[in-house]
Amino acid sequence: MSANRPAAVVVLAAGEGTRMKSATPKVLHAICGRSLVGHVVAAARELDPEHLVVIVGHAREQVAGHLAEIDPGVRTAVQHEQNGTGHAVRMGLEELSNNGIALDGTVVVVCGDTPLLTGETLQRLSATHTADGNAVTVLTAEVPDSTGYGRIVRDEATGAVTAIVEHKDATDAQRAIREINSGVFAFDAQLLTDALGKVRTDNSQGEEYLTDVLGILREAGHRVGAAVAGDHREILGINNRVQLAEARKLLNERLLHAAMMSGVTVVDPATTWVDVTVTFEADALVQPGTQLVGATHVATGAEVGPNTRLTDTSVGAGARVDNTVADSAVIGENATVGPYAYLRPGTRLGAKSKAGAYVEMKNAEIGEGTKVPHLSYVGDATIGEYTNIGAASVFVNYDGVNKHHTTIGSHCRTGSDNMFVAPVTIGDGAYTAAGSVITKDVPPGSLAVARGQQRNIEGWVARKRPGSAAAQAASAARQATDGEQ
């Protein structure tokens with residue numbers, strides 16, 4: 001086991017977050033594909049703690065249910081009344097002790113509304129705590145403007161933390177300090193447990209403050225140290241929608257920076273948005289106005305965008321996806337999609353295939369080299385290789401009660417304005433005539449024609465629409481034709 005591996009990480013996520021002005025608990029608001037608390041849990045997991053406990057309170061059933069979905073190994077402890085951060089941590093430690101778990105080592109405490117906090121920073125905090133032999137180590141940050149934050153006051157000789165002074169209580173000299181408290185700590189587990197039992201509530205809020213533990217431990221002769229975050233923005237907490245948007249932008253910039261440094265071209269980072277779960281291969285190209293969501297993957301040489309939203313979609317090497325919305329689709333190598341295409345769940349495009357302009361697909365398997373060029377709906381269908389589907393075709397898959405499947409073979413040529421009324425099968429190499437409504441199976445190599453005979457009724461416009469513009473145009477055309485003869 002690593003010497004820096006914490007015995008436990010405790011995540012504080014019990015607050016209501018009233019300033020969000022939302023029916024959704026604050027920690028469940030999402031940025032870049034994860035909830036706020038989900039980001040914190042993911043960072044905590046990078047420490048590989050023996051135990052991970054999230055303190056829940058407001059909307060606890062909803063928060064606990066979410067945690068069970070994203071990380072079933074997380075324990076939850078309930079803070080029935082929000083009596084302060086010290087009380088919350090005490091509830092977490094009691095949850096472990098009540099289940100026969102005696103902590104020995106480091107306990108890291110983090111806030112559930114700090115989505116920019118990285119596992120790397122938490123690892124540095126834990127390593128500093130162990131190396132310096134501290135009773136408690138505070139994660140701090142040096143900020144451009146420390147107004148409103150608790151200042152870190154250090155001993156000039158040893159660098160130890162002597163006090164955390166709130167802004168309203170700070171002297172002018174202390175207010176000039178730019179190193180601030182993040183609210184993230186590493187504690188010696190036994191010392192933390194003992195000190196929490198000594199925390200008083202004789203303050204304006206009548207609450208148990210976790211920061212009081214620092215003073216208790218220092219008065220007992222223990223060392224209080226600090227680890228400075230490399231980027232002060234990591235410690236930003238979320239209290240309202242403005243801060244939520246700011247954090248989303250910062251995290252998105254971080255994700256795009258990592259992608260570009262790994263060989264991905266992002267033409268306009270300002271209009272490109274990605275989730276933390278999106279993956280790329282080198283030499284992928286992302287055009288402006290693109291959103292990549294969920295477990296989307298873009299392979300080498302693929303080009304996505306502009307104005308494209310892909311959710312849980314795989315884009316193969318060399319594929320081109322333009323002005324498209326896709327959800328749970330697979331786009332094969334060197335396939336082309338769009339512009340203005342919509343790929344719904346279950347769509348699988350083979351290599352070198354095409355879903356063209358104004359094409360919608362759902363639960364459709366499209367073979368290699370097959371083209372659906374434009375203005376068509378393909379639903380609940382299997383199409384073989386190197387087939388061409390004519391413009392304005394509709395796969396009629398729903399009878400009002402059940403969905404039915406259409407199968408079209410390889411090397412078929414179907415005409416424009418075809419209706420394929422499922423269930424129906426078109427054999428390999430078959431053709432269908434334009435304007436046909438196909439209700440019966442078509443044998444391989446056959447031509448299917450399913451339309452009425454054309455009949456022209458001479459003089460109908462002159463009789464039924466006399467004096468109209470159409471009648472005048474028809475009369476002029478007849479006169480011109482008669483003159484030529």
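The structure displayed is predicted, hence computed values, not measured ones.

Moving on, we come to the pairing of strand β4 (residues 51–56). In terms of residue burial, β4 counts as a mostly covered element, since 6 of its 6 residues are buried. Here strand β1 (residues 8–13) runs beside β4; their pairing, made up of 6 bridges, is parallel. Bridging across to β4, Ala13 finds its partner in Val56. Where β4 meets strand β5 (residues 75–78), 4 bridges bridge the pair, whose relative direction is parallel. Considered in β5, the bridge of Val54 is made with Thr76. Taken together, β4, helix α2 (residues 60–70) and β5 form a β-α-β motif whose crossover is right-handed.

Moving on to the pattern of salt bridges. Going through the model one piece at a time under the given rule, you end up with 16 salt bridges. For Glu94, the salt bridge identified is with Arg90, shortest N-O distance 3.4 Å. Here Glu94 and its partner Arg90 are both found in helix α3 (residues 85–98), 4 residues apart, which amounts to about one turn of the helix. The exposure class of Glu94 is partly exposed, given its relative accessible area of 32%. The partner of Asp380 in a salt bridge is Lys362, and the shortest N-O contact between them spans 2.6 Å. Within this pair, whereas Asp380 is found in strand β30 (residues 377–383), its partner Lys362 is found in strand β28 (residues 360–366), the two being separated by 18 residues in sequence. Residues Asp380 and Lys362 agree in their burial class; the two are buried.

Moving on, we come to the nonpolar core. Counting 44 residues, the largest nonpolar core has Ile331, Leu343, Met361 and Val378 as the members making the most contacts within it. Those elements that place two or more of their residues in this core are α8 (241–261), β25 (341–343), β28, β30 and β36 (424–426). Excluding anything up to four places from it in sequence, Ile331 contacts Thr313, Ser314, Val315, Gly316, Ala319, Val321, Val337, Leu343 and Leu349. Counting 34 residues, the second largest nonpolar core, distinct from the first, contains Leu96, Val109, Phe187 and Leu217.

Relative to the helices and strands, Ser436 is located in the loop between β37 (431–432) and β38 (437–438). Looking at Ser436, the relative accessible area reads 0%, which means it is buried. Not counting residues up to four positions away in its chain, the partners in contact with Ser436 are Asp417, Asn418, Met419, Ala448, Val449 and Ala450.

What follows concerns the packing of helix α6 (residues 189–196) against helix α7 (residues 212–219). It is at 10 Å that the axes of α6 and α7 come closest, and there the two elements cross at 105 degrees. Classified by the angle their axes make, α6 and α7 are roughly perpendicular. Residue-level inspection shows Leu191, Leu192, Ala195 and Leu196 of α6 in contact with α7, the latter providing Val213, Ile216 and Leu217. Along the lines of polarity and charge, the residues of the contact of α6 with α7 split into 7 nonpolar, no polar and no charged.

The subject of this paragraph is the UniProt feature "active site" (unreviewed entry) in the protein chain. Under the local residue numbering, the UniProt record ascribes the feature "active site" (unreviewed entry) to His374. Note on placement: His374 falls in strand β29 (residues 371–374). Accessibility expressed as a relative area gives 36% for His374, which makes it partly exposed. Once residues within four sequence positions are removed from consideration, His374 is found in contact with Ala357, Tyr358, Val359, Ala391 and Ala392.

On to the environment of Phe280, then. For Phe280, the location among the structural elements is in strand β14 (residues 279–280). Sequence separation between Phe280 and Met260 is 20 residues, and the spatial gap between their C-alpha atoms is 9.7 Å. The contact partners of Phe280, leaving out residues within four places of it in the chain, are Ala259, Val264, Val274, Val286, Leu292, His297 and Val298.

Okay, the packing of aromatic side chains next. The final tally for this structure, using the stated rule, is 3 aromatic pairs. Between Tyr340 and Tyr358, the aromatic rings sit 5.2 Å apart at their centres with planes inclined by 25 degrees, giving stacked as the arrangement. With Tyr340 in the loop between β24 (336–337) and β25 and Tyr358 in the loop between β27 (354–357) and β28, this residue pair connects regions lying 18 residues apart in the sequence. The exposure class of Tyr358 is exposed, given its relative accessible area of 51%. Seen from their ring centres, Phe395 and Phe420 are 5.0 Å apart, and the 45 degrees between their planes marks the pair as tilted. Here the residue Phe395 occupies a position in strand β32 (residues 394–396), and Phe420 occupies one in strand β35 (residues 419–421), the gap between them amounting to 25 residues. With respect to burial, Phe395 and Phe420 carry one shared label: buried. In this arrangement the basic side chain of Lys403 is found over the ring face of Tyr398, its NZ or CZ atom lying 5.5 Å from the centre.

Here we come to the side chain of Thr114. Looking at where Thr114 falls in the secondary structure, it is placed in the loop between β6 (106–111) and α4 (119–132). At 2.9 Å, the side chain of Thr114 forms a polar contact with the backbone oxygen of Cys111. Look past the residues within four positions of Thr114 in its chain and what remains in contact with it is Val40, Ile235, Leu236 and Gly237.

Quick look at the pairing of strand β22 (residues 324–327) now. Side-chain alternation along β22 places Thr324 and Ala326 on a buried face and Val325 and Asp327 on a face that remains uncovered. When strand β19 (residues 308–311) meets β22, the two strands line up parallel, connected through 3 bridges. Bridging across to β22, Leu310 finds its partner in Ala326. The sheet contact formed by β22 and β25 spans 3 bridges and is parallel. In the sheet register, Thr324 faces β25, and the bridge partner there is Ala341.

About the thresholds
The written sequence of each chain sets the order in which its residues are numbered from 1. Predicted model: local features are reported for residues with pLDDT of at least 70 only, side-chain atom pairs are reported and counted for 80 or more only, and whole-chain, interface and lining totals are derived from all residues. Hydrogen atoms and water are omitted, and side-chain values are computed over all heavy atoms in the structure. Relative accessibility decides the category of a residue: with a 1.4 Å probe and only protein chains considered, values under 20% of the type maximum give buried, values over 50% give exposed, and everything between is partly exposed. Here a strand is any run of E in DSSP of at least two residues, a helix any run of H or I of at least four, and the numbering for each starts at the N terminus. Two strands pair under a simple rule: DSSP has to find at least two bridges between them. Seen with the strands pointing away from the viewer, any crossover whose path from the first strand over the helix to the second strand runs clockwise is right-handed. We define a salt bridge as a contact between a side-chain nitrogen of Lys or Arg and a carboxyl oxygen of Asp or Glu at a distance within 4 Å. Side-chain atoms within 4.5 Å are what join buried Ala, Val, Leu, Ile, Met, Phe, Trp, Tyr and Cys residues into a set we call a nonpolar core. The contact definition used throughout considers only heavy atoms, calling two residues in contact when any of these lie within 4.5 Å. Between the N-to-C directions of two axes lies an angle of 0 to 180 degrees, each axis being a line fitted to C-alpha atoms and, for a helix, fitted only over the stretch in contact. Orientation categories follow fixed angle ranges, with anything under 35 degrees roughly parallel, anything over 145 roughly antiparallel, 65 to 115 roughly perpendicular, and all other angles oblique. Residues were grouped as follows: Ala, Val, Leu, Ile, Met, Phe, Trp, Tyr, Cys and Pro as nonpolar; Asp, Glu, Lys and Arg as charged; and all remaining residues, including Gly, as polar. UniProt positions are given in the numbering used here, feature names are shortened, and annotations may be inferred rather than shown by experiment. When two rings of Phe, Tyr or Trp (its six-membered ring) have centres within 6.5 Å they constitute a pair, described as stacked for plane angles under 30 degrees, edge-to-face for angles over 60, and tilted for the intermediate range. For a ring to carry a charge above it, either NZ of a lysine or CZ of an arginine must fall within 6 Å of the ring centroid while also lying within 35 degrees of the normal to the ring plane. A 3.5 Å cut-off defines polar contacts: any pair of N or O atoms within that distance qualifies, except that in protein one atom must be a possible hydrogen donor and the other a possible acceptor, and neighbouring residues in sequence count only when both atoms are side-chain atoms.

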